[in-house]
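If you want the building blocks of each chain, they are given just below.
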Amino acid sequence: MKRLLAFLFAMTTAATVSVTAFADTDGADDNSAPVISLAADGETDIASGSALLTPGKEYNFPVILTAKGESAAISEDDLDSYRVKVDNVSGRSAMETAKFQKADGKYVLTLKVKAGWPTEQTKVEYRVLLQDKSSYKEVSRASAKFLAGYAVLPDSAFAEVADGEYVEVDPSAPVITEEQFEKMDELSGGKAVTFFHDSWKYSVRVTGLEGRNLLSNENAIKEIVSKFENNEFKFVSFPGGPVFDFTGALEIDVADISDDFDGKYFVYRYLGGKLSLMNSTYDEDEDVLTLKTNTLGRFVITNQEIKDGTVVVEMNSGSSGSEGDKTNPDTGSADLAGLAVALGAEALVGAAVSFRRK
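Residues numbered from 1 in each chain as written. Predicted model: local features only at pLDDT ≥ 70, side-chain atom pairs only at ≥ 80, totals over all residues. Heavy atoms only, no water.

Participant: I keep staring at the overall build of the protein chain and nothing clicks. Help me out?
Facilitator: For the protein chain, the count of helices and strands is six helices and 22 strands. Residues classed as buried in the protein chain amount to 45% of the 358 residues present. Across the protein chain, every contact between residues at least 6 apart in sequence was considered, and the portion connecting residues at least 24 apart equals 71%. (Helix = DSSP H or I, 4+ residues; strand = E, 2+ residues; numbered from the N terminus. Buried < 20%, exposed > 50% of the residue type's maximum accessible area, 1.4 Å probe, protein only. Contact = heavy atoms within 4.5 Å.)

Printed below as a string of structure tokens:
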């Protein structure tokens, strides 16, 4: 009896070892289940969750599939067996596009932030799911977590306001928060603070001011240039149309165009598709135009007079360039998509002359 029991025990042990060995071999062949992940779009990496995606700009993140120890861009062959699904978790209001598609011969997750000029950043999250094509069972998932909006002005930019220094507002970080305005007001003793970038300078009191987006550019407004082909132009635009509680002085350096303009300067505000003539003064010695305003919008400088109130684009024409002076949204969502296609995230064209700090 003892011999029989010993024999049965030995046989059971051998069988167990054989099954275990077979399972390990099978796992080695598979290595692991396929894993989906997202690569960076140039310098923008959404793996950390801290990336800031700019309104109006489109990003393409390559979709990577790792299987049997090898990683490669997901291919047509992979999609014979799997499907990729994109689900929103949060922040959908800030987004225009989020989809899996083929671009430039590669499969990517395309993310486009809704155009606009918010003063706050919105937290956004998407899930990218890899599913078995036959059963729709989830095989793997990747998370796309990021912020949508504009960067905030660094505190170092206004650290010396008390000494009369100007505050440079670089378009890469154009948002000034309520707390920062409060600090500037304290440093300036309630007097006007001067902001600048490239060829513009704006001096205004900031007492009690909430957050503003001072994004600026000097891009040509195409519909105006094409309508008045015989005119010379210079453009200074603040797409967010920030409104201030006090009237300030906007100075525009025109040294780069003075030879072409021959001392003739007509300044217009472009709003609602219409050009409205503005009062301005010209300092010939400094080559500077000055106008008083509490609203920074889209300013058009030309060498030939255009009839005040001239309509360039009808409001119902659908032109993205017909409006630019809008108060900055207070929330992270951007609701001005129709206006910003031409302005929200264009490459910035710098002027040749910058104002010196005092």
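Participant: I keep staring at the pattern of salt bridges and nothing clicks. Help me out?
Facilitator: Considering all chains together, one arrives at seven salt bridges under this definition. Residue Lys-183 is joined to Glu-186 by a salt bridge in which the shortest nitrogen-to-oxygen separation is 3.7 Å. Residue Lys-183 and its partner Glu-186 are both found in helix H3 (residues 178–188); the two are separated by three residues, about one turn of the helix. Residue Glu-251 is joined to Lys-201 by a salt bridge in which the shortest nitrogen-to-oxygen separation is 3.5 Å. (Salt bridge = Lys/Arg side-chain N within 4 Å of Asp/Glu carboxyl O.)

Participant: Explain the environment of Asn-213 here, please?
Facilitator: Secondary-structure assignment places Asn-213 in strand E14 (residues 212–213). Between the C-alpha atoms of Asn-213 and Trp-117, which are 96 residues apart in sequence, the distance is 6.5 Å. A polar contact is formed between the side chain of Asn-213 and the backbone oxygen of Pro-118, at a distance of 3.2 Å. From its side chain, Asn-213 meets the backbone nitrogen of Leu-215 in a polar contact 3.0 Å long. (Polar contact = N/O pair within 3.5 Å; in protein donor to acceptor, adjacent residues only side chain to side chain.)

Participant: How do you make sense of the sheet that holds strand E16 (residues 243–253) when you look at a structure like this?
Facilitator: Whenever strands of a sheet pair, they do so through backbone hydrogen bonds, lying parallel or antiparallel. Read across the open sheet, the six strands follow the order E10-E12-E13-E16-E20-E19; overall the sheet is mixed. Each edge of the open sheet is held by one strand with a lone partner, namely strand E10 (167–168) and strand E19 (281–283). Note: strand E12 (residues 193–197) against strand E13 (residues 200–204), five bridges, orientation antiparallel. Residue pairing across strands places Val-193 opposite Val-204, the latter belonging to E13. (Pairing = 2+ DSSP bridges.)

Participant: Explain the environment of Gly-297 to me, please; I cannot follow it from the model alone.
Facilitator: By the secondary structure assignment, Gly-297 is in the loop between strand E20 (288–295) and strand E21 (298–302). You can call Gly-297 buried: its relative accessible area is 0%. For the pair formed by Gly-297 and Tyr-270, sequence separation is 27 residues and the distance between their alpha carbons is 7.6 Å.

Participant: Even after reading the chapter, I still don't get the sheet that holds strand E17 (residues 266–271), so can you show me in this structure?
Facilitator: Pairing within the open sheet is antiparallel, and its five strands lie in the order E15-E21-E17-E18-E22. What marks the edges here is a single partner per strand, and that holds for strand E15 (233–237) and strand E22 (310–311). Bridge analysis of strand E18 (residues 274–278) against E22 gives two bridges, and the strand direction is antiparallel. Paired with Leu-275 across the bridge in E22 is Thr-310.

Participant: For this particular structure, what's the right way to read the nonpolar core?
Facilitator: Most often, soluble globular proteins keep nonpolar side chains buried together rather than apart. Val-167, Ile-176, Met-184, Phe-195, Val-206, Leu-250 and Ile-301 are the most contacted members of the largest nonpolar core, which totals 33 residues. Of all elements in the fold, only H3, E12, E13, E16, E20 and E21 reach the threshold of two or more residues within this core. Dropping the residues within four chain positions of it, Val-167 is found in contact with Leu-153, Ala-157, Phe-158, Val-161, Met-184, Val-193, Thr-194, Phe-195 and Phe-196. Among the nonpolar cores identified, the runner-up in size contains 28 residues, and Ile-74, Leu-111, Val-128 and Phe-146 belong to it. (Core = buried A, V, L, I, M, F, W, Y, C linked by side-chain atoms within 4.5 Å.)

Participant: Any chance you could explain unusual backbone geometry here in plain terms?
Facilitator: Across the chain, the bulk of peptide bonds are trans and the bulk of non-glycine residues have phi less than zero. One non-glycine residue, Asp-104, lies in positive phi territory at about 55 degrees. Mapped onto the elements, Asp-104 comes out in the loop between strand E6 (95–103) and strand E7 (106–113). The phi dihedral of Asp-262 is positive, around 55 degrees, even though this residue is not glycine. Along the chain, the position of Asp-262 falls in the loop between helix H5 (258–261) and E17. We classify Asp-262 as exposed; its relative accessible area is 64%.

Participant: What is the right way to read the environment of Phe-195 from this model?
Facilitator: As for its placement among the helices and strands, Phe-195 is situated in strand E12. Taking C-alpha positions, Phe-195 is 5.8 Å from Tyr-166, a pair spaced 29 residues apart along the chain.

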